[in-house]
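Structural overview for review
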Amino acid sequence: MAEIVLIHGIAQEQEGPASLEARWLPAIADGIFAAGHPELSDRIWPDRSPRDINVGMAAYGDLFLDPGAQGSDEDLDDLDPSALALAQALATEWLNRAADRGEPADRDTAVRELGYLDPGHEEMGMKEEAARAVLHAVTRLSWFAIGGMALAERFVNKSLRQVTRYLTDPGLHTEIQNRVLAQIGPETKIIIGHSLGSVIAYEIAATHLHTPLPLLLTLGSPLGLRSVIYDRLNPQPPVYPNQVRRWVNIADRNDLVAAEPNLTPLFSASRPSDAVLESGWTVDNGAKPHEAEYYLRKKQVGGPIAEALEV
């Protein structure tokens, strides 16, 4: 069992726990150092001595590689109608966020492409075509297309497929959660979830914890997507995880996945009087607003981790 449990996000199907830890741990150490805790930073990622803080990565990306359970990870054609509708809704939310707060070019693209959702198109029998257009439109946002248009389409499709399958495939949902639970014990002080991992972390914290958890840390989280994610969470209606003493939600304003930074109105139900939820636009990740390591290197992340470890 680990003192710090890490839960990665989407598009990590080619990575295992060791390779993911090798990327995340030095970034966590950087964040702790930036927050003014150099000695504790060395205990996470030491130069010369063995690490004495037990950290466990709950890796689940390989579950999306089973060719017998799904189609190509680079298209959405084999999703059933309900799963496809969820993918389309998520893509529409990303476009809406880009229209609201994206870079100028992305705002123009998003506003133009959202026109395909005009009810007039549906009346003309173009609903399916319009929905497909939304899925393709997301790949034209520069936010996704840093590595080129072809890479953007593959990344978007993988993201939509993996989020959708986690929320709609009970067997996969259970297997992913079991991998996380295998890392958690009474000694666990911190659970960190990035992107889809934040959704998994929340559900674990809200439904499976039996001992107090000093810190739940969610990074680049889509938990605030009301109609797409929030209304499908377990439990329903969503509540504050009663074993969590402190929940810190970190978001970059340009991170389209972190759709709603202020989770307080959505997750305050049943919050214990001694528990705290801190949530808002808090970091600037530059050119890679959704990158896990960019989040982890920030003092706003390292500070709460250091404080929880020193309890």
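Residues numbered from 1 in each chain as written. Predicted model: local features only at pLDDT ≥ 70, side-chain atom pairs only at ≥ 80, totals over all residues. Heavy atoms only, no water.

Remarks on the overall build of the chain
On a plain count of helices and strands, the chain comes out with eleven helices and six strands. Taken over 311 residues, the chain has a buried fraction of 54%. Taking as baseline every contact in the chain between residues at least 6 positions apart, the subset at least 24 positions apart corresponds to 78%. Only carbon and sulfur atoms are counted for the fraction: they give 51% of the accessible area of the chain, which is about 13100 Å². (Helix = DSSP H or I, 4+ residues; strand = E, 2+ residues; numbered from the N terminus. Buried < 20%, exposed > 50% of the residue type's maximum accessible area, 1.4 Å probe, protein only. Contact = heavy atoms within 4.5 Å. Areas by Shrake-Rupley, 256 points an atom, 1.4 Å probe, with all protein chains shown as cover.)

Quick word on the packing of helix H1 (residues 17-34) against helix H11 (residues 299-309)
The N-to-C vectors of H1 and H11 enclose an angle of 85 degrees; their axes lie 7 Å apart at closest approach. Relative to H11, the element H1 lies roughly perpendicular. Of the residues in H11, those in contact with Ile28, Gly31, Ile32 and Ala34 of H1 are Lys299, Gly302, Ile305 and Ala306. (Axes fitted to C-alpha atoms, helices over the stretch in contact; angles between N-to-C directions. Parallel < 35°, antiparallel > 145°, perpendicular 65-115°, else oblique.)

Thoughts on unusual backbone geometry
Cis geometry is found at the peptide bond from Asn234 to Pro235, where omega equals 15 degrees. With respect to the helices and strands, Pro235 occurs in the loop between strand S4 (215-219) and strand S5 (246-252). Between Gln236 and the following residue, Pro237, the backbone shows a cis peptide bond with an omega angle of -10 degrees. Located in the positive-phi region is Ala11, a residue other than glycine, with phi close to 60 degrees. Positionally, Ala11 belongs in the loop between strand S1 (4-7) and H1. Of the residues examined, Ala11 reaches a relative accessible area of 23% and is grouped as partly exposed. The backbone of Ser195 shows a phi angle near 60 degrees, a positive value even though the residue is not glycine. Tracing the backbone shows Ser195 in the loop between strand S3 (190-194) and helix H9 (196-207).

Focus: the nonpolar core
Within the largest apolar cluster, 57 residues are counted, with the highest numbers of intra-cluster contacts made by Ile191, Ile200, Trp247 and Phe267. Sorting the residues of this core by element identifies S1, helix H3 (81-101), helix H4 (104-114), helix H6 (127-138), helix H7 (149-168), helix H8 (170-181) and H9 as the ones contributing at least two each. With eight residues, H3 is the largest single contributor of residues to this core. By size, the runner-up hydrophobic cluster in this structure holds 33 residues, among which are Ala27, Met57, Ile190 and Val283. (Core = buried A, V, L, I, M, F, W, Y, C linked by side-chain atoms within 4.5 Å.)

Notes on the pattern of salt bridges
Using the criterion set out here, one finds ten salt bridges in the structure. Across the pair Arg43 and Asp52 runs a salt bridge, and its minimum N-O distance is 3.0 Å. Overall, the relative accessible area of 38% leaves Arg43 in the partly exposed class. The partner of Arg226 in a salt bridge is Asp231, and the shortest N-O contact between them spans 3.8 Å. The class for Arg226 is partly exposed, based on a relative accessible area of 47%. (Salt bridge = Lys/Arg side-chain N within 4 Å of Asp/Glu carboxyl O.)

Looking at the environment of Ser227
Locating Ser227 in the fold gives a position in the loop between S4 and S5. Separated by 141 residues in sequence, Ser227 and Leu86 place their C-alpha atoms 9.4 Å apart.

Quick look at the confidence of the model for the chain
In the predicted model, the chain carries a mean pLDDT of 84, and the fraction of residues at 70 or more is 80%. The low-confidence segment residues 120-127 (pLDDT under 50) makes five contacts with residues lying over four places distant or belonging to another chain. Low pLDDT, under 50, characterises residues 146-151; the predicted model gives this stretch three contacts beyond four residues in sequence or across chains. (pLDDT = per-residue confidence, 0-100.)

Digging into the sheet that holds S5
Note: strands within a sheet are paired through backbone hydrogen bonds, in either parallel or antiparallel orientation. Overall, parallel pairing links the six strands, which are arranged S2-S1-S3-S4-S5-S6 in an open sheet. Single-partner strands in this sheet number two, and they are strand S2 (55-57) and strand S6 (276-283). Shown here is a sheet whose adjacent strand axes are inclined to one another by a mean of 15 degrees, direction ignored. Note: S4 against S5, four bridges, orientation parallel. Looking at the pairing, Leu219 lines up with Ile250 of S5. Helix-sheet contacts for H9 involve S1, S3, S4 and S5, and the interaxial angle to S3 is about 145 degrees. (Pairing = 2+ DSSP bridges.)

With respect to H9
Counted at 1.5 Å a residue, the expected span for H9 with its twelve residues is 16 Å, and the 17 Å between its end C-alpha atoms agrees. Taken across its twelve residues, H9 has ten buried, putting it largely inside the fold. What H9 keeps buried is the set Leu196, Gly197, Ser198, Val199, Ile200, Ala201, Tyr202, Glu203, Ile204 and Ala205. (Expected span 1.5 Å × (residues − 1).)

With respect to the side chain of Asp255
Its place among the elements puts Asp255 in the loop between S5 and S6. Only 2.7 Å separates the side chain of Asp255 from the side chain of Tyr295, close enough to count as a polar contact. (Polar contact = N/O pair within 3.5 Å; in protein donor to acceptor, adjacent residues only side chain to side chain.)

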